[in-house]
Amino acid sequence: MSDMKLSDKKAVGHILALVTIIVWGSTFISTKMLLSEFSPVQIMLCRFAIAYVVLWLIRPKFEKTKIKDELLFLMMGIFGCTLYFITENTALQYTLASNVSIIVASAPIITAILAHFFVKGEKLNKNIGIGFVVAFTGVALVVFNGQFVLKLNPAGDALSLGAALSWAVYSVILRTCVDKFNSVMLTRKLMFYGFITALPIAAAEGKEFPFNAFEKPEMLFCILFLGVIGSGICYVLWNKAISHLGVVT
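On a predicted model such as this, the values are computed, not experimentally measured, just so you know.

**Student:** Sorry, what's going on with a nonpolar patch on the surface here?
**Tutor:** Together, Ile113, Phe117, Phe118 and Leu124 make up a nonpolar patch on the protein surface, roughly 440 Å² of accessible area in all. Relative to the helices and strands, phenylalanine 117 is located in helix H5 (residues 107-118). By relative accessible area, which is 61% here, phenylalanine 117 ends up exposed.

Dropping the structure here:
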């Protein structure tokens, strides 16, 4: 690959990552609104199911895979979908959204540390450390908006850290798969296993599903936004971004 092509590939990767992060940043608003009617697990099930259907419509093709591949997809579904969303969404019920934002913002550096040890060619360096400090400081300044009020909640903050760890593990596993499979197919598998592994949690929760909530246009819009854009499209874009840039970047 020529230097120009490599440069173009990285530029596309940065654009895809930027678009994805902007959308994911706005999903907190939709999630907060939905939590007034739905439990965190119910929100997860809806967005995974919607994303799965949308991705089938985009690529209605079945690919043969090996058992070891399916196990990797399962692990990604658990860490990148079920555990990540259940910990993050539940954390929002126990602690301040600012706490969740700050703690989840540690996911990139946790990812970089794990990748340093488990992914070939993904090594930590001084620039990564400097970049993390600058980015983390920026998040803190925006979240606190000049009014630093620290209210610790052990349960909520621990769940937020769990979300960051889950995303880091998912990212490292994803790096080993992202160049081997079509991004749409890979994301579809991810949503499938996320849905399957979330079902037992929903069953154990035992809460009646509030179907009538979808009669409210804002609720319907929020769940469609999370399912189609936040989960379906953005996960595909994120997978492509990691393929172009690597997991540490």
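So that's the structure; there's more coming.
**Student:** Just to check I follow, could you spell out the packing of aromatic side chains for this structure?
**Tutor:** The geometry of two aromatic rings is summed up by the distance between their centres and the angle between their planes. In total, this model carries 19 aromatic pairs according to the counting rule given. Three or more aromatic residues joined by ring pairs make a cluster, and in this case those are Trp24, Phe48, Tyr84, Phe85, Trp167, Tyr170, Tyr235 and Trp238. Above the plane of the ring of tryptophan 56 lies arginine 188, whose end atom (NZ or CZ) is 3.9 Å from the centre.

**Student:** When you look at the nonpolar core in this model, what are you seeing that I'm missing?
**Tutor:** Within soluble globular proteins, side chains that are nonpolar tend to cluster in buried spots. Ranked by internal contacts, the top residues of the largest apolar core, which has 65 residues, are Leu34, Met76, Trp167, Leu174, Met191 and Tyr235. If you list the elements that add at least two residues to this core, you get helix H1 (3-34), helix H2 (40-58), helix H3 (67-94), helix H4 (97-104), H5, helix H7 (154-177), helix H8 (183-205) and helix H9 (217-245). In terms of residues, this core owes the most to one element, H9, which gives 12 residues. When near neighbours in sequence (up to four residues on either side) are disregarded, methionine 191 contacts Phe48, Ala51, Tyr52, Leu55, Cys81, Ser231 and Tyr235.

**Student:** Quick question: what am I supposed to make of the environment of glycine 121 here?
**Tutor:** By the element assignment, glycine 121 lies in the loop between H5 and helix H6 (126-144). Judged by its relative accessible area of 65%, glycine 121 is exposed. Taking C-alpha positions, glycine 121 is 9.9 Å from valine 248, a pair spaced 127 residues apart along the chain.

**Student:** Even after reading the chapter, I still don't get the side chain of glutamate 63, so can you show me in this structure?
**Tutor:** Among the structural elements, glutamate 63 can be located in the loop between H2 and H3. Taking relative accessible area as the criterion, glutamate 63 reaches 15% and is therefore assigned buried. Engagement of the side chain of glutamate 63 in a polar contact is seen with the side chain of arginine 59, the distance being 2.8 Å. A distance of 3.3 Å separates a polar atom in the side chain of glutamate 63 from a polar atom in the side chain of arginine 188. Ignoring sequence-local partners within four residues, the contact set of glutamate 63 consists of Met185 and Arg188.

Analysis parameters
- Residues numbered from 1 in each chain as written.
- Predicted model: local features only at pLDDT ≥ 70, side-chain atom pairs only at ≥ 80, totals over all residues.
- Heavy atoms only, no water.
- Patch = residues over 30% accessible without salt bridge, like charges linked within 9 Å, V, L, I, M, F, W, Y side chains within 5 Å.
- Areas by Shrake-Rupley, 256 points an atom, 1.4 Å probe, with all protein chains shown as cover.
- Salt bridge = Lys/Arg side-chain N within 4 Å of Asp/Glu carboxyl O.
- Helix = DSSP H or I, 4+ residues; strand = E, 2+ residues; numbered from the N terminus.
- Buried < 20%, exposed > 50% of the residue type's maximum accessible area, 1.4 Å probe, protein only.
- Phe/Tyr/Trp six-rings, centres within 6.5 Å; stacked < 30°, edge-to-face > 60°.
- Lys NZ or Arg CZ within 6 Å of the ring centre and 35° of its normal.
- Core = buried A, V, L, I, M, F, W, Y, C linked by side-chain atoms within 4.5 Å.
- Contact = heavy atoms within 4.5 Å.
- Polar contact = N/O pair within 3.5 Å; in protein donor to acceptor, adjacent residues only side chain to side chain.

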